[in-house]
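Spelled out, the chains give:
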Amino acid sequence: MRVESDVAVVGAGAAGLSLALLLARPPAGARPVTAVVLAAPPGPLRAPRRTWCYWEAGEGPYDEALTGSWQRLRVRAGDGRPVTAAIDPWRYKMLGSDAFEELAGRALRVSPWVTTVEAAVESVTAVPDGALVRARRADGREVDVRARWVFDSRPPARLPPARTTLLQHFRGWFVRTRRPVFDPDTVELMDFRTPQPAHGLSFGYVLPTGPHEALVEYTEFSRHVLDADAYDRALRDYTGRILRIGAHEVTAREQGVIPMTDARFPRRAASSVFRIGAAAGATRPATGYTFSTVQRQAGAVAAALHAGRHPLPPRPHSGRARLMDAALLHALDHGRVDGPAFFTRLFNRVSAPRLLRFLDGRTSLPEDLSIGLHVPVTAMLGSVLALPFTPRRTLPPA
């Protein structure tokens, strides 16, 4: 099978489908472009079920697929003291990958501009005036897509060199309790009552979808992941000793690892081949949030394509944001700051709406400086000064 298209989108996760949706619905007066989405067939190459969280003001394009949304967040210090804040005009939103894929599938099936092909990509090769994507279907048949532009969202085989790389690794249980134990109006964003590891930090995370239902996660920022038994022990301790949820049923599980790194991710692999999503550095290094940045990146790429401009994806984060994140990662990794105290203090001293804008990279320099007054200045300055003398290293493959 050979296909000619303006665009090939490699991967059907958050980044690939977000771009495909925008290409499927060109705005009035825009130049339509044709696109082929290459989605991995069921099997080891397809990403497992996962949950994305993000915040936005008011209604958004994926609201019909949301699992839940909230306007109150809570952070708990290690001694249990809560910091609860309203985040209006923002809403904190929870979107399951299954629901997002279903929403996208409905839109793509009726679009005259976008075609989806289930095939595992084997190679992407530059050719004159474009690139050739070679893939294989589950039944062994080959698929060749020649496109003017290719957008590849597959994770890199190895992370680029970095001064600091921590891992945000977690396991979550979707639980249903016998008693009404959850506050459905408030997300427990960071609950630091969990035992803290010798290196890094840990916290509980609770997304309640009703008085009896919630996604409860145990999360660590550290250099190494845990085994499945260790995550489950931590979750049993958190749900039992700390949350005291009582009798409950675990209806589903999810697990993941998000690199938190100051590596420089290339946005271009060849003259007509670009990286998008986490593969292009969309993950915010200090928090692990990715989905909102993916939307901005996809929007910029789609607008360029529809206007006939060169569609190089924009840098996902400003230079100022990257510097601040690099300093925080260095400080956490070298023990310059106490992670639970750092994040609790920020949520206690800075208004939640402003802090969310800061975490989303939407604050001005004066706002960033005012937020900086509430962090350990000496420790953070020490990390900033140490960064130029810290070599970038490539981690060995996992």
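Below, the structure is looked at part by part. (Residues numbered from 1 in each chain as written. Predicted model: local features only at pLDDT ≥ 70, side-chain atom pairs only at ≥ 80, totals over all residues. Heavy atoms only, no water.)

### Overview of the overall build of the protein chain
In step 1: On a plain count of helices and strands, the protein chain comes out with 9 helices and 18 strands.
In step 2: Here the protein chain has a C-alpha radius of gyration of 22 Å; the compact-globule value for 398 residues is 21 Å, and the two agree.
In step 3: Along the first, second and third principal axes, the C-alpha set of the protein chain runs to 60 × 55 × 40 Å.
In step 4: When burial is assessed residue by residue, the protein chain has 52% of its 398 residues classed as buried.
In step 5: Sequence separation of at least 24 residues holds for 75% of the intrachain contacts in the protein chain that already meet a minimum separation of 6.
In step 6: Approximately 18,400 Å² of the protein chain is accessible, and the part contributed by carbon and sulfur atoms is 53%. (Helix = DSSP H or I, 4+ residues; strand = E, 2+ residues; numbered from the N terminus. Rg over C-alpha atoms; globule rule 2.2 N^0.38 Å. Buried < 20%, exposed > 50% of the residue type's maximum accessible area, 1.4 Å probe, protein only. Contact = heavy atoms within 4.5 Å. Areas by Shrake-Rupley, 256 points an atom, 1.4 Å probe, with all protein chains shown as cover.)

### As for the sheet that holds strand β7 (residues 90-96)
In step 1: Strand order in the open sheet formed by 3 strands is β3-β7-β4, and the pairing between neighbours is antiparallel. One side of each edge strand has no neighbouring strand; the edge strands of this open sheet are β3 (51-57) and β4 (66-70). Each strand of the sheet is rotated relative to its neighbour by a mean of 25°, with strand direction disregarded.
In step 2: The sheet contact formed by β3 and β7 spans 7 bridges and is antiparallel. The residue of β7 that forms the bridge with T51 is G96.
In step 3: Across the sheet, helix α2 (residues 97-109) lies against β3 and β7, angled at about 85° from β7, the strand it touches most.
In step 4: Docked against the sheet, helix α4 (residues 291-307) engages β3 and β7, running at close to 70° with respect to β3. (Pairing = 2+ DSSP bridges. Axes fitted to C-alpha atoms, helices over the stretch in contact; angles between N-to-C directions.)

### Digging into the nonpolar core
In step 1: If you look at the biggest cluster of nonpolar residues, it comprises 48 residues, and the most contacted ones within it are Y92, V187, L189, Y205, L207, F343 and M380.
In step 2: Sort the elements by how many residues they give to this core and helix α5 (residues 319-333) lands first, with 6 residues.
In step 3: Within the second largest apolar cluster, 36 residues are counted, among which are V7, V9, A35 and A282. (Core = buried A, V, L, I, M, F, W, Y, C linked by side-chain atoms within 4.5 Å.)

### Points about empty space enclosed by the protein
In step 1: Going through the model one piece at a time under the given rule, you end up with 2 cavities of 30 Å³ or more.
In step 2: Estimated volume of the largest cavity: approximately 90 Å³.
In step 3: Around the largest cavity, the lining comprises 13 residues; the ones closest to its centre are Y289, T290, S292, T293 and D360.
In step 4: Sorting the residues of the lining of the largest cavity by element identifies β3 and α4 as the ones contributing at least two each.
In step 5: The leading source of residues in the lining of the largest cavity is α4, at 4 residues.
In step 6: A volume near 40 Å³ is recorded for the second largest cavity.
In step 7: Around the second largest cavity, the lining residues are A15, L19, I276, G277, V294, Q297 and A298.
In step 8: Looking at the lining of the second largest cavity, the elements with two or more residues in it are α1 (14-24) and α4.
In step 9: With 3 residues, α4 is the largest single contributor of residues to the lining of the second largest cavity.
In step 10: Here the residues of the lining of the second largest cavity sort into 5 nonpolar, 2 polar and no charged. (1 Å grid on protein atoms, 1.4 Å probe; cavity = no way out; pocket = protein on both sides within 12 Å on 5 of 7 lines; lining within 4 Å. Points joined across faces, edges and corners; volume = space filled by probe spheres on them. Nonpolar A, V, L, I, M, F, W, Y, C, P; charged D, E, K, R; others polar.)

### Let's talk about the layout of surface pockets
Empty space among the atoms becomes apparent when a probe as large as a water molecule is rolled across them.
In step 1: Volume-wise, the second largest pocket comes out at about 600 Å³.
In step 2: As for the second largest pocket, its lining consists of 25 residues, and the residues nearest its centre are M324, D368, G372, V375 and M380.
In step 3: Elements represented by at least two residues in the lining of the second largest pocket include exactly α5, α6 (339-349), α7 (352-359), α8 (365-372) and α9 (377-386).
In step 4: Tallying contributions element by element places α5 first for the lining of the second largest pocket, with 6 residues.
In step 5: Grouping the amino acids of the lining of the second largest pocket by side-chain chemistry returns 19 nonpolar, 2 polar and 4 charged.

### Considering the sheet that holds strand β6 (residues 82-86)
In step 1: Pairing in this open sheet of 7 strands is mixed, and the strands run β6-β5-β13-β14-β15-β12-β16 from one edge to the other. Only two strands of the sheet have a single partner each, and these edge strands are β6 and β16 (248-261). The sheet shows a mean angle of 15° between the axes of neighbouring strands, taken without regard to direction.

### Here's the deal with unusual backbone geometry
In step 1: For the peptide bond that leads from D88 to P89, omega is 15°, which places it in the cis range.
In step 2: Within the fold, P89 resides in the loop between β6 and β7.
In step 3: In this model, D129 sits at a positive phi of 60°, which is unusual for a non-glycine residue.
In step 4: With respect to the element layout, D129 can be found in the loop between β9 (120-127) and β10 (130-136).
In step 5: For R244, which is not a glycine, the phi torsion comes out positive at approximately 50°.
In step 6: Of note, R244 is situated in the loop between α3 (228-242) and β16.

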